[in-house]
Amino acid sequence: MTEQNQGRAWTEPERLAALGRYNILDTPPEQDFDDLVRMAADLLGAPVAAVNLIAEDRQWFKAEIGLGVREMPLDNSICSRVILSPGELVIPDLLKDPRFDRNPLVTSEPGLRFYAGELLETPDGLPLGTLCVLDTKPRPDGLSDQQRFALKTLARQVMSQMNLRRSLAQQERLRAEQAHSEALRRQVLDSATDFAIVSMDLARNVTGWNTGAANILGWTEAEMLGRSADLIFTPDDRDAKVPEAEMWRAAKDGRAIDERWHQRKDGSRFWASGEMMTLRDERGTHTGYLKMLRDRTEQHLSGEALTAVNERLRMAQRATRDAIWDWSFGDDRVLWNDALEEAYGWRSEQVEPTGEWWLAQIHPEDREAVNQSIHAVIDGTGAIWTGEYRFRRADGSYAEVLDRGSVIRGPDGRATRMIGAMLDISERKRTVAILRASEARLRAVVSASSEVLYSMSADWREMRQLTGSGFLADTTTANSSWLTDYIPLEEQPRVRAAIHEAIRTKSLLHLEHKVRLADGGVGWTLSRAVPLLDANGEITEWFGAASDVTARREAEEALRRLNETLEQRVAERTTDLMLAEEQLRQAQKMEAVGQLTGGIAHDFNNLLAGITGSLELLSTRITQGRLKDVDRYVAAAQGAAKRAAALTHRLLAFSRRQTLDPRPTDANRLVAGMEDLIRRTVGPSVEVEVVGTAGLWTTLADPNQLESALLNLCINARDAMPEGGRLTIETANRWLDGRAARERDLRTGQYISLCVSDTGTGMPPEVIERAFDPFYTTKPIGQGTGLGLSMIYGFVRQSGGQTRIYSEVGQGTMVCLYLPRHLGEAEPPEVVPDLADAPRAGLGETVLVVDDEPTVRMLVMDVLEDLGYAAIEASDGPSGLKVLQSDARIDLLVSDVGLPGGMNGRQMADAARVSRPDLKVLFITGYAENAVVGHGYLDPGMHVITKPFAMETLASWIKELITAPTP
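Residues numbered from 1 in each chain as written. Predicted model: local features only at pLDDT ≥ 70, side-chain atom pairs only at ≥ 80, totals over all residues. Heavy atoms only, no water.

Overview of a nonpolar patch on the surface
Consideration 1: There is a patch of nonpolar side chains on the surface, built from Leu 508, Val 530, Leu 532 and Phe 543 and spanning about 360 Å² of accessible area.
Consideration 2: Within the secondary structure, Leu 532 sits in strand β20 (residues 522–533). (Patch = residues over 30% accessible without salt bridge, like charges linked within 9 Å, V, L, I, M, F, W, Y side chains within 5 Å. Areas by Shrake-Rupley, 256 points an atom, 1.4 Å probe, with all protein chains shown as cover. Salt bridge = Lys/Arg side-chain N within 4 Å of Asp/Glu carboxyl O. Helix = DSSP H or I, 4+ residues; strand = E, 2+ residues; numbered from the N terminus.)

The following block contains the structure:
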């Protein structure tokens, strides 16, 4: 601006200096100013509005709307001329004003015609610029009063934003004004309208109330005279005795400066800045108080906002690990925050606060490039500088950093300061390098793989990528029509259904389906996809792989057509093989039974000799009338018979076919029961020793299978000692820790062990390694099937245990069975009741006995009659069925299974149940128990016991079944 300062109280240098003290030129746009400009345009209905600041050589816009530029030359400036004439801030038609009728902004685009502005003045009255609105249409009537008020108010808001930094100086001037003499205060009372000046007596009753007080507080002087001045204090301050405290300070110190919230007549609050002073008369007597207030709500709120912003900035600086720096170019001084030490180890005493020190810490290979790039921005017109380089830490290592700074320029456009932040991105760089290497490996894997990899959106509507071996057409762009592009029409419903189910269950998609190949043909693919879930468990994306199975499917189809009946033949052959295998397994058992016969035949002959001899002597003594030794011969015959029955039961239990029936088992008791059988089996040349651990835990296993396993191990041990030796059976409690369990391929925990050791030939490692293989044997042909140890191994593993062999050639072998401990009591041994104690029959209870053996039938009939039952007998199935089909009362059918006459016991019972559906049946058989079980089960109400049996046992069974509920 070059016009003279005629008629003005300020000079152009003074005005420019005041503008410079605000440091606002060339600062970035700010939301508060932008909002005020937009509000001005909206309230005044103008398309153009701006906050103009008039610099020495240009007009700069802090905020604008409708102009599209941040500055313009003074030659074209309207505001620079208007501020010289403060009385003429509204120009209805610029084209008719000789000052502007040749201005390019008026005569050409944008063709401005109307101008209205409000000065932006400092508290000293120095105009810095204007808040103005412009229109491309003239407004002959100018502005309405309401529009003028709005423009003035918005201009004051603009200045309020700019005056925050000067508020403290204004407050200090206020304090100086309040220190004037009583006469000056009186004058202020008469003239000041921006200050509330209240005088009061010693009791705080109002004696004076100026116009400013009425304007600010809302009460008129007439309303307040004689009333307590406490009304202007908030209720909280009145309760806290703030008025009294303020008067006490004023009386003590002569004045009490006060900044706090006060209350208006309408109850609203405002922030007042002021003071209270004592009033004295001519003689110096204290007569009252004078309180001066000024409404500083706007400044206070702005100050609070600025304080909050500054506090947040300080907290952010303390919280961040970014090293924030502030570089002043005038004195080359650089200030750093605490993060320089926290992130890079530089203590404040180690840091020179200069730009040169910073440059010296940059890696020599990066230093020159960084220096050139940052000075290119500083010396040019740029506002932002960014650089990546290596910065030396205090320990000598280098950190990869990302540095970014913002340039602050003065009114002349020269850089005066730069503020920035340096972020350590070393870890990010390492992560990126790892990720790139991983991606490279993935690409290599994909290239080498026969798989096709793909990704899908969460709802499968869009294929995002497909790449791979090439049997499908690749795509690297999103494809929303992938279903029709890749899937034949007839396959699409099945694919959609599989996708919907996978989305519903958020689980793996696994589907084999037809697909269009890259060469245009149709093939088959096996597609597998897994969902990627977010923190809330929702699907965000699907990743999958597709394999080309076309060749396999074609081969399968060709094979199916070629061998339509092969499947049936294979099924039949498989059935035959499974039957043969089962027969072979049974043969292995029978082989073991056969090996028992040599030793057992001798024992049976001895037992039969005892039975027949005792019976002959018994008959002779009865004939002779010598009854004294009868009991001894009866006891001898019964003992021999019971031992023979025990051997028979052992053989039947060992030879029968059955699935596992695990029961709580006492292995010591089981071994004791088998000891006699084992001794007879291994023969007199082998010494048998049983070492049972006291307090042995219970295990859950099938006792019959365990007996079979033990007998097999003892037979193997006998065969390994052809010249005789020692066979030891041991039991023990075992607690297997992690290492011991891993060595035995078991879980950690409690087990029992049952070990059989011998002093025989032993086994080399290669034999031990294959010992559990099915059909593997080292015995001569015809002497072993190779199934014994494999069956033992399968039984023990199925019971949750493990089998281990420990052997040395020439030293002997030990085979240990490890079975899990069962936390419970073993099943008690079966107790055979005494016949004298057997329960008696109820009135009229009738039992039908069917057996083709007259002796057995006679004995059973005698027992039933002794117990009070009505007994009916039959010798074959047809005669028994005839009785059952009659009207005779039958409470229980006792029948042998194998009967003559073309009908066995089971068939007779089934036929009888047609007319007697509730018939209870007890089968007695000399075969294994499950020989009675037709297809693997007995019907309800049917039971079985095996011969030979004690008469006491039979009596107990009969009573129990008769009294049992109807099935």
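Let's talk about the environment of Cys 132
Consideration 1: Within the secondary structure layout, Cys 132 lies in strand β6 (residues 127–135).
Consideration 2: Judged by relative accessible area, which is 2%, Cys 132 ranks as buried.
Consideration 3: Between the C-alpha atom of Cys 132 and that of Leu 119, which follows or precedes it by 13 residues, the distance is 8.5 Å.
Consideration 4: Residues within four places of Cys 132 in sequence aside, it is in contact with Val 48, Ala 49, Ala 50, Asn 52, Cys 79, Tyr 115, Ala 116 and Gly 117. (Buried < 20%, exposed > 50% of the residue type's maximum accessible area, 1.4 Å probe, protein only. Contact = heavy atoms within 4.5 Å.)

A closer look at the packing of helix α2 (residues 31–44) against helix α5 (residues 145–163)
Consideration 1: The interhelical angle for the contact between α2 and α5, taken along N-to-C directions, is 175 degrees, at an axis separation of 10 Å. Of the possible angle classes, the one that applies to α2 and α5 is roughly antiparallel. Note on element contacts: α5 touches α2 through Gln 147, Ala 150, Leu 151, Leu 154, Gln 157, Val 158, Gln 161 and Met 162, opposite Asp 32, Phe 33, Leu 36, Met 39, Ala 40, Leu 43 and Leu 44.
Consideration 2: The class makeup of the residues in the contact of α2 with α5 is 11 nonpolar, 3 polar and 1 charged. (Axes fitted to C-alpha atoms, helices over the stretch in contact; angles between N-to-C directions. Parallel < 35°, antiparallel > 145°, perpendicular 65-115°, else oblique. Nonpolar A, V, L, I, M, F, W, Y, C, P; charged D, E, K, R; others polar.)

Comments concerning the pairing of strand β8 (residues 206–209)
Consideration 1: In this structure, strand β7 (residues 195–201) lies alongside β8, joined through 3 bridges in antiparallel fashion. If you follow Val 198 over to β8, its bridge partner there is Trp 209.
Consideration 2: Connecting β7 to the next strand, β8, in antiparallel fashion are 4 residues, including Arg 204 with a positive phi near 70 degrees. (Pairing = 2+ DSSP bridges.)

Some thoughts on helix α11 (residues 242–253)
Consideration 1: The first and last C-alpha atoms of α11 sit 16 Å apart over 12 residues, in line with the 16 Å expected at 1.5 Å per residue.
Consideration 2: Residues Val 242, Pro 243, Glu 246, Met 247 and Ala 250 constitute the buried set of α11. Projected onto a plane normal to the axis of α11, the buried residues spread over an arc of 135 degrees and lie on a single side. For α11, exposure combined with an orientation more than 90 degrees from the buried face picks out Trp 248 and Lys 252.
Consideration 3: Residues of α11 that are buried make contact with β7, α10 (235–239), β9 (255–263), β10 (269–280) and β11 (286–295). (Expected span 1.5 Å × (residues − 1). Arc of directions from axis to C-beta.)

Concerning the state of the cysteines
Consideration 1: Evaluated as defined, the whole model comprises 1 disulfide.
Consideration 2: Through a disulfide, Cys 755 is tied to Cys 816; the S-S separation comes to 2.1 Å. Judged by the torsion about the S-S bond (110 degrees), the Cys 755/Cys 816 disulfide is right-handed. Taken together, the residues span a long stretch of sequence, with Cys 755 in strand β26 (residues 749–758) and Cys 816 in strand β28 (residues 812–820) at a distance of 61 residues. (Disulfide = S-S within 2.5 Å.)

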